[in-house]
Amino acid sequence: LHTSLYKKSQSFRKTKTDKSDAHSIVCMLMTQKLMPYVPVSYHEKELKSLTRYRFNLVKDCSRIKISFARLMNIIFPELEKIVHELQVNSVYQLMSEFPDTYAISKAHLTRLTNLLLKYSKGHYGREKAIEIKDAARQSVGTCDGIQAIELQQTLARLRLLQEQIEVIETRIKEIIRNIDSPFITIPGISYITAAMIHAEIGDFSDFDNAEKILAFAGMEPSIYQSGQYTSSHAKMVKRGSRYLRYALYTAAKNVSKWDPTFRLFFQKKIAEGKHYNVAISHVAKKLVRVLYSMETKHEVYIK
C-alpha cells in the first residue's frame, strides 16, 4: 500500500513497467524512514499458514451450511421448528440417511430413534422421532430426486471440511502449547484466537507501542479535519491484516462476556450510548494494550 501510494504521488501518468516499479521502490527506500525486514521464526510461519488456511476452510464451511439450510427449506421446512437447531450433527446424520420426507415417513421408528439418540448424545429420543415422522407425513416440502442428491453431496462436503478443520486445529493447539502462549490465560481467548494473534503480529518488539498494532490491524479510527471542522463520526480504517482484525474483534467479543474487568468496561461504553460494535472496538483497544504488555513483559493474565 505504501509503495503504491508513493508511486502515484510521483506522477500523474498511468505507467506500469518493471523498470518504473523498481525506480519507485528505490526512491521510496532512499527517502522514507522504514524498518528493516526481520525473518520470522519457523513456528510463526507455520502458524500463519495454518490459521489462514483454517480461516478459509471455515468460510467455505459457512457457505455450505447456508446451502444446507436452503435445501432444508425446500425439502423439509417443518423440521426447523421441531429441533432446537438445524445445523447440528443429529440433523446432518438424519438427512444423510433419509434425504427426503418420504424416506423419513417410511423409516422404522426404532432405527430413527436409535439414530437420534446416538448423534444427539441423548437429547432426542423416541418422542422426538415420532414427532419428526408425523411432520414428514404432513410436510409441504418437495423433493424431486435432484435435490436429494444435492443434499447428500452438500452433507458429504460439509463432513470433509469439518474433518479438515479438526486436523488443522489439532496442529495449531500443539504449536500454541509449545510456545507457551500467555494469551490463553485470558478468559474468552481460545487456542485458535491466540494462534491467529501470534501468527499475524509476529514479534511484538517490532512495534513501539500497542497503538501501532491497532494500526497494523486496521482498527484505528480514521481522522478527518479541515479548517474548523473535525468529524465526530470517524470510521475504522480497515487497512492492514484482516485476519488480525478478525481475531482481535472475536477475542474482544468473548472477553467482554467471560472476563469481569472487560465486561464492566464494555457495559460502561454501552451506558455511554455507544453502538455495540463501537463498544467492542473500545474493548479491542484495551485488549491490545493488555496483550502487548503481557508479551513484552512475559507475564500471564491476572484477574
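Preceding this section is the structure that the text describes.
Its place among the elements puts Lys173 in helix H9 (residues 146-179). Owing to a relative accessible area of 32%, Lys173 belongs among the partly exposed residues under this scheme.

What follows covers the packing of aromatic side chains. Per the counting criterion, the structure on display carries eight aromatic pairs. On the numbers, 5.6 Å between centres and 80° between planes, the contact of Phe266 with Tyr276 is edge-to-face. Placement of Phe266 in helix H13 (residues 260-271) and of Tyr276 in helix H14 (residues 276-297) is noted, with a sequence separation of 10 residues between them. The buried category is assigned to Phe266, whose relative accessible area is 14%. For Tyr276, a relative accessible area of 37% gives the class partly exposed.

A few words now on the layout of surface pockets. Any empty space left between atoms is shown by rolling a water-sized probe over those atoms. Its volume calculated, the largest pocket comes out at about 870 Å³. Only helix H3 (42-75), helix H10 (191-201) and helix H11 (210-217) provide two or more residues apiece to the lining of the largest pocket. Counted by class, the lining of the largest pocket contains 12 nonpolar, two polar and nine charged residues.

This brings us to the environment of Thr110. Mapped onto the elements, Thr110 comes out in helix H7 (residues 109-119). Spatially, the C-alpha atom of Thr110 lies 74 Å from that of Met28, the residues being 82 residues apart in sequence.

So, on to the side chain of Thr113. Positionally, Thr113 belongs in helix H7. When neighbours within four sequence positions are excluded, Thr113 is seen to be in contact with Gly125, Arg126 and Ala129.

Looking now at the environment of Asn254. On the secondary structure map, Asn254 appears in helix H12 (residues 242-258). The exposure class assigned to Asn254 is partly exposed, which follows from its relative accessible area of 24%. Distance in space between the C-alpha atoms of Asn254 and Ile280 is 9.8 Å, their sequence separation being 26 residues.

Conventions and cut-offs
Residues numbered from 1 in each chain as written. Predicted model: local features only at pLDDT ≥ 70, side-chain atom pairs only at ≥ 80, totals over all residues. Heavy atoms only, no water. Helix = DSSP H or I, 4+ residues; strand = E, 2+ residues; numbered from the N terminus. Buried < 20%, exposed > 50% of the residue type's maximum accessible area, 1.4 Å probe, protein only. Phe/Tyr/Trp six-rings, centres within 6.5 Å; stacked < 30°, edge-to-face > 60°. 1 Å grid on protein atoms, 1.4 Å probe; cavity = no way out; pocket = protein on both sides within 12 Å on 5 of 7 lines; lining within 4 Å. Points joined across faces, edges and corners; volume = space filled by probe spheres on them. Nonpolar A, V, L, I, M, F, W, Y, C, P; charged D, E, K, R; others polar. Contact = heavy atoms within 4.5 Å.

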